[in-house]
Amino acid sequence: MTEVVEKTSAPVAAAAAADSALEVRALSKAFGTRKALDSLSFELPTGAFLAICGANGAGKTTLLRILATLARPSSGSVSVLGCDIKEQPDEVRARIGFISHRSMLYPDLTAEENLLLAARLYGVVEPQTRVSELLAAVELTARRYDLARSFSRGMTQRLAIARALIHDPQLVLLDEPYTGLDPHASEIFDALLATQRASRSFVLVSHDLRKGFELASHLLLLNRGKLELFAPSAELDFASFSQLYYQTVGG
Amino acid sequence: MDPILAEIYSTILPAAPYVIAAYALMWLVLLAYVLVIVTGQKRTEKQLAALEEALNAKHKQ
Amino acid sequence: MTATEPTPRATPSVPTATATSAAAATLTPTATRRPSTFRQYRILLGKDLRREFRTREMLTSMGIYAVLVLIVFGTALMQASAGFDVLPVAGGLIWALIVFTSLLGLNRSFSHEKEEAALEGIMLVPLDRSVIFLAKASANVLFLLVVEIITLPLFYFLFLSGSALAATFGLAIVPLLVGTIGIAGVGTLLATITVNTRGQDVLLAVLFVPLVFPLLYACVAATSVALLGGEDMMATFGPAVALAAAYDVIMILVSWLLYDFIISA
Amino acid sequence: MTEKPNIFDRLAPALLVLGALLTTAAFILNFTSAPLVQGALLPDNGLAVIGGQVVTNKLLLSQKIFYFHMPVAVTSFVALLFTAVFGVLFLVKRNSHYDLMAKVATEVALVFILMTMVSGEMWERFEWGVWWTWEPRLTTYFILMLLVIGYFILRNAIDDAERRATYAAAFGIIAFIDAPISLMITRLVPSGAHPVIFRTDSGLSTPMLIPLLLAMFGFFCLAFALYRFRLRQQTLKARLDALKTNLED
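Treat the numbers as computed from the prediction; the structure is a model and nothing was measured.

What counts as what
- Residues numbered from 1 in each chain as written.
- Chains lettered and ligands numbered in written order.
- Predicted model: local features only at pLDDT ≥ 70, side-chain atom pairs only at ≥ 80, totals over all residues.
- Heavy atoms only, no water.
- Phe/Tyr/Trp six-rings, centres within 6.5 Å; stacked < 30°, edge-to-face > 60°.
- Helix = DSSP H or I, 4+ residues; strand = E, 2+ residues; numbered from the N terminus.
- Buried < 20%, exposed > 50% of the residue type's maximum accessible area, 1.4 Å probe, protein only.
- Pairing = 2+ DSSP bridges.
- Contact = heavy atoms within 4.5 Å.
- Buried area = accessible area lost by both parts, 1.4 Å probe.
- Polar contact = N/O pair within 3.5 Å; in protein donor to acceptor, adjacent residues only side chain to side chain.
- Nonpolar A, V, L, I, M, F, W, Y, C, P; charged D, E, K, R; others polar.
- Axes fitted to C-alpha atoms, helices over the stretch in contact; angles between N-to-C directions.
- Parallel < 35°, antiparallel > 145°, perpendicular 65-115°, else oblique.
- Salt bridge = Lys/Arg side-chain N within 4 Å of Asp/Glu carboxyl O.

**Looking at the packing of aromatic side chains**
Tallied over the entire structure, the rule returns 32 aromatic pairs over all chains. Between D:Phe68 and D:Phe219, the aromatic rings sit 5.2 Å apart at their centres with planes inclined by 90°, giving edge-to-face as the arrangement. Of the two residues, D:Phe68 sits in helix H2 (residues 66-93) while D:Phe219 sits in helix H6 (residues 206-248), which places them 151 residues apart along the sequence. Each ring, one from D:Trp132 and one from D:Trp134, has its centre 5.6 Å from the other, and the planes form 85°; the classification is edge-to-face. By relative accessible area, D:Trp132 is classed as partly exposed at 29%. Taking the relative accessible area as the measure of exposure, D:Trp134 reaches 45% and is therefore partly exposed. The rings of B:Tyr23, B:Trp27, D:Phe27, D:Phe31, D:Phe68, D:Phe112 and D:Phe219 are connected pair by pair, giving a single aromatic cluster.

**Some points on the sheet that holds strand S2 (residues 34-45) of chain A**
Residues and elements named next belong to chain A. Reading across from one edge, S2-S1-S4-S5 is the order of the four strands in this open sheet, with antiparallel pairing throughout. Each edge of the open sheet is held by one strand with a lone partner, namely S2 and strand S5 (83-84). Of the strand pairs in this sheet, strand S1 (residues 20-31) and strand S4 (residues 75-80) are connected by five bridges, and their pairing is antiparallel. Bridging from a neighbouring strand, Ser28 pairs with Ser75 of S4.

**Description of the interface of chain A and chain C**
Taken together, the 53 residues of chain A in the interface contact 54 residues of chain C. Both sides of the chain A and chain C interface together cover about 4,800 Å² of buried area, and 60% of this is carbon and sulfur. On the chain A side of the interface with chain C, the three residues burying the most area are A:Tyr106, A:Leu121 and A:Glu133, jointly 15% of the side's total. Our count for the chain A to chain C interface comes out at 19 residue pairs in polar contact (both at pLDDT 80 or more). Breaking the side of chain A that touches chain C down by element, the ones donating at least two residues are helix H4 (89-95), strand S6 (96-100), helix H5 (111-122), helix H6 (127-137), helix H7 (153-165) and helix H8 (183-196) of chain A. Considering every element that reaches the side of chain A that touches chain C, the biggest residue donor is H6(A), with seven residues. The class makeup of the residues in the side of chain A that touches chain C is 25 nonpolar, eleven polar and 17 charged.

**Points about the arrangement of the chains**
Contacts are most numerous between chains A and C, considering all four pairs of chains that are in contact. At no point do chain A and chain B touch; the closest pair of C-alpha atoms across them sits 17 Å apart. A gap remains between chain B and chain C, with no contact made and the closest C-alpha atoms lying 23 Å from each other.

**A word on unusual backbone geometry**
Residue and element names in this part refer to chain A. One non-glycine residue, Ala26, adopts positive backbone phi at about 50°. Among the secondary structure elements, Ala26 is positioned in strand S1. Non-glycine residue Glu139 carries a positive phi angle of around 60°. Topologically, Glu139 is positioned in the loop between H6 and H7.

**Comments concerning the environment of A:Glu228**
Residues and elements named next belong to chain A. Within the secondary structure, Glu228 is located in strand S10 (residues 226-232). On the accessibility criterion, Glu228 (38% relative accessible area) is partly exposed. Spatially, the C-alpha atoms of Glu228 and Gly54 are 9.3 Å apart, while their sequence positions differ by 174 residues. If near-sequence neighbours (up to four positions away) are discounted, Glu228 is found in contact with Leu221, Asn223 and Thr248.

**Focus on the packing of helix H2 (residues 12-60) of chain B against helix H3 (residues 96-127) of chain D**
Running from N to C, H2(B) and H3(D) cross one another at 170°; their axes reach a closest spacing of 8 Å. On the basis of their axis angle, the class for H2(B) and H3(D) is roughly antiparallel. Contacts between H2(B) and H3(D) pair B:Pro14, B:Ala15, B:Tyr18, B:Ala21, B:Ala22, B:Leu25, B:Met26, B:Val29, B:Leu30 and B:Tyr33 from the former with D:Val104, D:Glu107, D:Val108, D:Val111, D:Phe112, D:Leu114, D:Met115, D:Val118, D:Ser119, D:Met122, D:Arg125 and D:Phe126 from the latter. Looking at side-chain class alone, the contact of H2(B) with H3(D) contains 19 nonpolar, one polar and two charged residues.

**What to know about the interface of chain C and chain D**
Note: interface size is frequently given as the accessible area lost on complex formation between the parts. Opposite the 31 residues of chain C that make contact, chain D presents 32 residues. Across the interface of chain C and chain D, roughly 2,900 Å² is buried in total on both sides, 78% from carbon and sulfur atoms. Ranking the residues of chain C by area buried against chain D places C:Arg198, C:Tyr217 and C:Leu243 at the top, with a combined share of 20%. The interface formed by chain C and chain D holds one salt bridge in total. One salt bridge connects C:Arg198 with D:Asp159, and the closest N-O pair in it is separated by 2.6 Å. If you look at where chain C meets chain D, you find five residue pairs in polar contact (both at pLDDT 80 or more). Within the residue set of the side of chain C that touches chain D, elements represented by two or more residues are helix H7 (173-194), helix H8 (200-228) and helix H9 (233-264) of chain C. Tallied by class, residues from the side of chain C that touches chain D come to 25 nonpolar, five polar and one charged.

This is the structure in structure tokens:
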């Protein structure tokens, strides 16, 4: 029934009018008798920072991949920034960036070539300028002609961020971005995130409870595909949140 | 026996083993598949019984 | 090099910062205009060509492999009598060479896409999935053709220099082209499947060889008659090439239709 | 837990019996009422009168294989058609049950392809005196067998159930399309080295047609019954596995 509403609204109008970053209605993902996600519903306002927590196999990554249009839901509806992921996947794709623990870069292309490739595919109007701007923002200007293969883990991750932000996405999805980063590199990553928070919404999937709690404006706790908690982090303190986490995971 | 008749039936006897073998092998393949189905069924039933037992033990606790 | 890098237009909003204090780097909002499908195809194809031009990974490995296969052919034919004419089996040998070599290349064509999940990055871009297929298949056609251009003269030099080639030998280019396109089309689809499986190298061969068998059969026939010539050569050459082309059209169409499902899985 | 019994599942035992009866009838008629076909001409224009008919050719027993060989081959191809159809249905509907159905249909196809191969081999060994020749139909079936075996190797090489189902569906479809092309190309492209030693049988008389059709229909019944039995067992196994994983966590 909600789908009819989605269809009638024109994509551009819908995007402009969107006041929620995510609108998830009865989202399920199942294959055979295995249910990865079981009837999730929540709504995230724009500009929010959502942290998705849960044990291994709770469905965190599955949820994120559905939001990124990389996996398809079995039932229910999801709209990202006012665009339905089934009806207008390309509209969604144009508005989201994705950063995972894998860099999504070509190791045999230079930093600049990697960014230019993404910029051109997205159709960024002035790709060269944009690439320079982003390389400066992630402090890789000096390494722009170096192969991505030669980069350290921290530098690779910075380049991956630049790649994800190349088309100025309004929603950034982060899949365990801290995996393999040393403390120094993750500090830089945090600082970079902080600069972007004002202009974008974020969804973070992380094992790290404290980190997620510190960064997030909203928390989502998944347990075996079921929504255990969805609340603004202001309503919780860390102790009660971690208690709830260990109760559900341990129980 | 009439040599012409012998000529007419000359390939029948040599062909017989092949004809018999063809039919036998066809049924053998089919039978093998039936065996696969039956053993599969038996294994599934055994697993089901084991599961039932484990569940019963759990409930008694 | 880096000292003279062009100043970005958006300099005012991008203050230089040290690594320890990644200061506020507010990015300027940027406009995007979705490029045409053909342009996206060219960008993706260009990416593969640039990569290959830099690493020469596929071309060198395929080239060396082709030479090794030629050595094996030579060993196999060594015991034949001195005057043994390779020409009647040349068509078959050429296609054996192409099939084995292309298997190696196809196996490699997706490894760099998976290494850092770059393919996922491409999937996140608003573009038609079949563009990815067409770009990758085109790249594979080009790489295969380059390898053929290098190894086929070598094949002639090693095996056929003593044989009397028919005047129609130039026609062999047609089945070579048609066959290469079909191999790249079906092979790209299968390589996308097998790159996500255990034991991908062997599996690609197991699926690929029977699937391209009809194409192989037609191309061997057409190539052989083109090299051998003869009066009724066209009676074989015509239908063989036509059927190979029909195979290409049907299989590439089906692969193109199935590709969205495969790459999204 | 209890599901309403499927109409096909209830039909399956009956079909199995019917299939067995029909193929047995075909087998008997094949060796009793169907006449022997005529082979090479007798030397020196020889002729004989057998049962009121003039016979000028050698009579062939080997052709009796054909009465089962052909129906089995057709059945295997029909099973493969099911693989492709279930593959399409799976890709459209994303229901794991279609994947299971496609898998079982392919299993049945493999069984019937093997039956086709062994019976064909026997005929060929006697008639042509060789174990193997690159004859169009023979080659096509060999390739088909490799494709079907490849289908199962592919399935075994993937862990993720949804991905396995998708890839298997796609490969099933493309393999089904490949088979007729293979037959067409091997038949239509004249091959220089090997003349096509294929004798097109002249039309079949009614006494010959009856056992053929009986066998064809019988094998359809058998194949379908086996398919349902296997599907039922596999469905049960899938449910059992799901139950086990549910209990574990």
